[in-house]
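# Report on the structure
Chain by chain, the residues run as shown.
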Amino acid sequence: VVIQVLYGPLCGYPQTTPRAELEAIAATLENALPPITIVTDHLNHVEAIYKGKDYCLKWSRDHVDLWYEVWHEIDLLGGLSENLMFEHVRSHVPS
């Protein structure tokens, strides 16, 4: 059940789909009240999150500024658990 929808401009550069997806995750977490499952079609982000904080926060990682925001919010929400999960769904598939 979707109970909140967010929209807004993409801050920072480069203006790419992966950056937009990560910004959306960060904004969702900022407005989240667990339990929550964030569902996204961006498999790389889901895999990175489950590889852990150290993996995501390497200084050489693309969009590390947003990864810091994401992990700050994850930590504020008590970390990954059954109350805060991420799920990948395939995109652009016929219903």
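Described below are features of the structure shown in this document. These numbers come from a predicted model, not from an experiment.

Criteria and thresholds
- Residues numbered from 1 in each chain as written.
- Predicted model: local features only at pLDDT ≥ 70, side-chain atom pairs only at ≥ 80, totals over all residues.
- Heavy atoms only, no water.
- Helix = DSSP H or I, 4+ residues; strand = E, 2+ residues; numbered from the N terminus.
- Rg over C-alpha atoms; globule rule 2.2 N^0.38 Å.
- Buried < 20%, exposed > 50% of the residue type's maximum accessible area, 1.4 Å probe, protein only.
- Lys, Arg positive; Asp, Glu negative; His and termini not counted.
- Salt bridge = Lys/Arg side-chain N within 4 Å of Asp/Glu carboxyl O.
- Contact = heavy atoms within 4.5 Å.
- Phe/Tyr/Trp six-rings, centres within 6.5 Å; stacked < 30°, edge-to-face > 60°.
- Axes fitted to C-alpha atoms, helices over the stretch in contact; angles between N-to-C directions.
- Parallel < 35°, antiparallel > 145°, perpendicular 65-115°, else oblique.
- Left-handed = near helix turned anticlockwise from the far one by under 90°.
- Patch = residues over 30% accessible without salt bridge, like charges linked within 9 Å, V, L, I, M, F, W, Y side chains within 5 Å.
- Areas by Shrake-Rupley, 256 points an atom, 1.4 Å probe, with all protein chains shown as cover.

### Some words on the overall build of the protein chain
Tallying secondary structure elements over the protein chain gives four helices and two strands in all. Mapped in sequence order, the helices and strands of the protein chain form the string α-β-α-α-α-β. A compact globule built from 95 residues would reach a C-alpha radius of gyration of about 12 Å, and the protein chain, at 13 Å, matches this within 12%. A principal-axis box enclosing the C-alpha atoms of the protein chain has dimensions of 35 × 30 × 25 Å.

### Details of the side chain of E73
Of note, E73 is situated in helix α4 (residues 64-76). The buried charged residue E73 lacks any salt bridge partner; its closest oppositely charged side chain belongs to K53, at an N-O distance of 12 Å. Once residues within four sequence positions are removed from consideration, E73 is found in contact with A26, L29 and E30.

### A word on the packing of aromatic side chains
Evaluated as defined, the whole model comprises one aromatic pair. Here Y50 and F86 contribute two aromatic rings whose centre-to-centre distance is 6.5 Å and whose plane-to-plane angle is 80°, an arrangement assigned as edge-to-face. Taken together, the positions of Y50 in helix α2 (residues 43-51) and F86 in strand β2 (residues 84-88) put the pair 36 residues apart, joining distant regions of the chain. The exposure class assigned to Y50 is partly exposed, which follows from its relative accessible area of 44%. Given a relative accessible area of 6%, F86 falls into the buried group.

### A look at the packing of α2 against α4
What describes two packed helices is the angle between their axes and the distance between those same axes. Look at α2 against α4: their axes get within 12 Å of each other, and the N-to-C directions meet at 55°. The angle between α2 and α4 falls in the class oblique. The way α2 lies across α4 gives a crossing that is right-handed. Residue-level contacts link H45, A48 and I49 of α2 to W67, W71 and I74 of α4.

### Regarding a nonpolar patch on the surface
A surface patch of nonpolar side chains, amounting to about 250 Å² of accessible area, comprises Y50, L80 and M85. Locating L80 in the fold gives a position in the loop between α4 and β2.

### Describing the pattern of salt bridges
Considering all chains together, one arrives at two salt bridges under this definition. Linking R19 and D65 is a salt bridge whose minimum nitrogen-to-oxygen distance equals 2.7 Å. Of this pair, R19 sits in helix α1 (residues 17-30) while D65 sits in helix α4, and the two are 46 residues apart along the sequence. With a shortest N-O distance of 2.6 Å, K53 and D75 are connected by a salt bridge. Of this pair, K53 sits in helix α3 (residues 53-56) while D75 sits in helix α4, and the two are 22 residues apart along the sequence.

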